[in-house]
Amino acid sequence: MIGSGFGGLFTTQALKHAEVDVTMIARTNHHLFQPLLYQVATGILSEGEIAPSTREILRRQGNARVLLGEVTDIDLTARTVTSKVLDQTGVMKYDSLVVAAGSGQSYFGNDHFAYFAPGMKSIDDALELRGRIFGCFELAELVEDDAQRARLMTFVVVGAGPTGVEMAGQIAELAHRTLRHEFRRIDPRSATVILLDAAPAVLGSFGDRLGAKALAKLSRIGVEVQLGAKVVGVDGTGLDVEDAQGQRRRIESVCKVWAAGVQASALGALLARQCGAELDRAGRIRVRPDLTLPGHPEVFVLGDMIALDDLPGVAQVAVQGGRHAAREIRARLAEKSAGARPAETSAVDGVAADRVGPAFEYHDKGSMATISRFSAVASVGRLRLSGLTAWLMWLAVHLIYLIGFKHRVTTLLHWAVSFVGRGRSERTVTHQQIFARQAFDQLGDEFSPTLSPRPGQDPPS
Ligand SMILES: Cc1cc2nc3c(=O)[nH]c(=O)nc-3n(C[C@H](O)[C@H](O)[C@H](O)COP(=O)(O)OP(=O)(O)OC[C@H]3O[C@@H](n4cnc5c(N)ncnc54)[C@H](O)[C@@H]3O)c2cc1C
């Protein structure tokens, strides 16, 4: 099993009672619940709540072993996986392989944007963004220059999909509710939160009606939505944006968040080269209908890495794909123990090289996005919900899918602190995070924060 995300973990768990030895190898020691990353970035939840240790989750599953490692090579002919930790390299043999390495952020060919506008794909990203968001308010309290202060208090989120909407909504709530009485020089309520997208609508995949509701709600909570706005440049102090008519303008902003576009794991290209499968523009590999690779029925690819029937890059595709793969692996074992011997068997596990299992059937359970506390939109079957009802539904679904009872309890408490009250329990930011990737170095020589009080103000005691 490559990956400890939704695909990897749910496949492993679905093999709990099978007569197999499972090795799960991932480059992180945790299972990350990505849908709540924005709450770590904005100080609502701790990283532990959304990223429990995989080893702990699987402690009672005797047939599963967890290994830390970055997979650097897969050899489909030799049936080996090569992985690295620090300077150690390991090679493992497999009978069946499940590849669920997910996706990363795509900057549409402008990878240098990442330095100035981190995406939101990992705990590192979320903690860095937390540092940048809270750090900007801290620095705004220190600077004398009005233009510098405005730049520090302008937050831009690129991408008006669910992640961008949730992020922009939470930064606005942070500025308007949580921080409002905490600073003496600046008024956090004067912060500008901009949500940008090249597309003409917010939450395009939710349809016109819910998109319009989301847009109206965002405006009410103080998010400035700019649509038809394509980002053509990003640097330390702002962004260059081009509108549909080709007109360029500049937005001065220190804190930028990239929530637009995904690129599948590079392991997809590695597999495609060996088995002749196609890759789409987002680097997703075209698998067969049973989620296996052409000519390699022993290799399943799941979740964000696959291009199949326009399936979306959502957790349920990975979860259900994982359960499908586990079912098929169990079925093959049952066939094998019943003595069935296919004519043309492959070397290791007795699976016919041209075997095609039952097609993967995806059941769409709907999608939802929060906009602010007590307000969300949800599209479930024919139901289109918004406001409090959708928000309560969002709350229940996320609690169910969070792993571990204790994480659910503490998450509920943190939600009460933030949504019923005004607080945020997880605001700690370390020096390294504030200055993460030396972002603030990019502010240039003229940037000069000062601890001295303004004329007419008392010195800090
Ligand atoms: C900010 C954000 C919000 C989201 N919100 C929602 C939502 O509200 N609803 C929803 O349904 N979906 C949401 N998604 C999408 C959802 O999280 C993904 O579709 C889902 O995680 C895909 O599962 P996966 O198993 O394919 O990959 P992931 O869950 O990404 O898991 C990939 C795993 O592979 C490991 N890995 C990657 N490369 C290597 C390597 N080379 N070697 C070893 N290990 C490797 C990673 O460490 C990780 O453990 C969101 C995603 C993001 C980023």
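These numbers were taken from a predicted model, which means no experiment stands behind them.

Novice: Run through the sheet that holds strand β17 (residues 292-293), naming residues and quoting values.
Specialist: Strand pairing in a sheet takes place through backbone hydrogen bonds and is either antiparallel or parallel in direction. With mixed pairing, three strands are arranged side by side in an open sheet as β6-β18-β17. Because the sheet does not close on itself, it has two edges, and the strands there are β6 (97-99) and β17. In this sheet, strand β18 (residues 296-301) lies alongside β6 in parallel orientation, the contact comprising three bridges. By the bridge assignment for β18, Val99 is matched with Val301.

Novice: Give a description of the sheet that holds strand β4 (residues 80-85) that names residues and reports values.
Specialist: Spatially, the three strands line up as an open sheet ordered β3-β4-β5, and their pairing is antiparallel. In the strand order of this sheet, the two ends are held by β3 (70-75) and β5 (88-93), each with one partner. Neighbour-to-neighbour, the strand axes of this sheet turn through a mean angle of 20°, independent of strand direction. Across five bridges, β3 lies against β4 in antiparallel orientation. Pairing of Ile74 across the sheet is with Val81, part of β4.

Novice: An account of the pairing of β5 is requested, with residue identities and associated values reported.
Specialist: Taken across its six residues, β5 has zero buried, putting it largely on the surface. As judged from the six bridges shared by β4 and β5, these two strands associate in the antiparallel manner. Following the sheet pairing, Val85 is matched in β5 by Gln88.

Novice: Account for the site of the ligand, naming residues and giving values.
Specialist: As a matter of local geometry, the ligand sits amid 33 residues, with Gly3, Gly5, Gly7, Gly102 and Gly303 nearest to it. Of all the secondary structure elements, the ones that give two or more residues to the shell around the ligand are α1 (6-14), β1 (22-26), β3, α8 (162-178) and α11 (315-337). For the shell around the ligand, a count of residues per class yields 16 nonpolar, 13 polar and four charged. Composition of the shell around the ligand by domain shows at least three residues from each of domain 1 (6-27 + 69-105 + 262-337) and domain 2 (113-260 + 373-442).

Novice: Can you break down the pairing of strand β22 (residues 383-387) residue by residue, with the values?
Specialist: Both strand β21 (residues 375-380) and β22 contribute to a ladder of five bridges, which runs antiparallel. Counterpart to Val377 in the pairing with β22 is Ser386. Between β21 and β22, which pair antiparallel one after the other, the connecting turn spans two residues, and Gly381 there sits at a positive phi close to 55°.

Novice: I'd love a proper account of the nonpolar core, names of residues and values included.
Specialist: Within the largest apolar cluster, 78 residues are counted, with the highest numbers of intra-cluster contacts made by Val158, Val165, Ala168, Leu195, Leu218 and Val377. Per-element accounting of this core gives the leading share, nine residues, to helix α6 (residues 123-142). In this structure, Val158 is in contact with Ala117, Gly164, Leu196, Val231, Lys256, Val257, Trp258, Ala259 and Ala260, ignoring residues within four places of it in sequence. In terms of nonpolar packing, the next biggest core, distinct from the first, is built from 43 residues, Leu58, Val81, Ala277 and Leu293 among them.

Novice: Lay out the domain arrangement of the protein chain in plain terms, naming residues and giving numbers.
Specialist: Split by domain assignment, the protein chain resolves into domain 1 (6-27 + 69-105 + 262-337) and domain 2 (113-260 + 373-442). Here the C-alpha centroids of domain 1 and domain 2 sit 33 Å apart.

Novice: I'd like to hear about α11, residue by residue, with values.
Specialist: Helix length check: α11 (23 residues) gives 33 Å between terminal C-alpha atoms against 33 Å at 1.5 Å per residue, within 8%. Taken together, the buried positions of α11 are Val317, Ala318, Val319, Gln320, Gly321, Gly322, His324, Ala325, Ala326, Glu328, Ile329 and Arg332. Against α1, β6 and β18 lie the buried residues of α11. Within two residues after α11, Gly339 carries a phi angle of roughly 90°, on the positive side.

Novice: So what about unusual backbone geometry? Which residues, and what values?
Specialist: Of note, Asp309 is a non-glycine position whose phi angle comes to about 50°, a positive value. Its location among the elements puts Asp309 in the loop between β19 (306-307) and α11. Assessed through the 10 C-beta atoms surrounding it within 10 Å, Asp309 is described here as exposed. With a phi close to 65°, Phe374 is a non-glycine residue in the positive phi region. Mapped onto the elements of the fold, Phe374 is located in the loop between β20 (367-372) and β21. Overall, the presence of 14 C-beta atoms within 10 Å leaves Phe374 in the partly exposed class.

What counts and what doesn't
- Residues numbered from 1 in each chain as written.
- Predicted model: local features only at pLDDT ≥ 70, side-chain atom pairs only at ≥ 80, totals over all residues.
- Pairing = 2+ DSSP bridges.
- Helix = DSSP H or I, 4+ residues; strand = E, 2+ residues; numbered from the N terminus.
- Axes fitted to C-alpha atoms, helices over the stretch in contact; angles between N-to-C directions.
- Buried ≥ 20, exposed ≤ 12 C-beta atoms within 10 Å, placed from the backbone.
- Near = placed C-beta within 6 Å.
- Nonpolar A, V, L, I, M, F, W, Y, C, P; charged D, E, K, R; others polar.
- Domains from an automatic or database assignment.
- Core = buried A, V, L, I, M, F, W, Y, C linked by C-beta atoms within 7 Å.
- Contact = placed C-beta atoms within 7 Å.
- Expected span 1.5 Å × (residues − 1).

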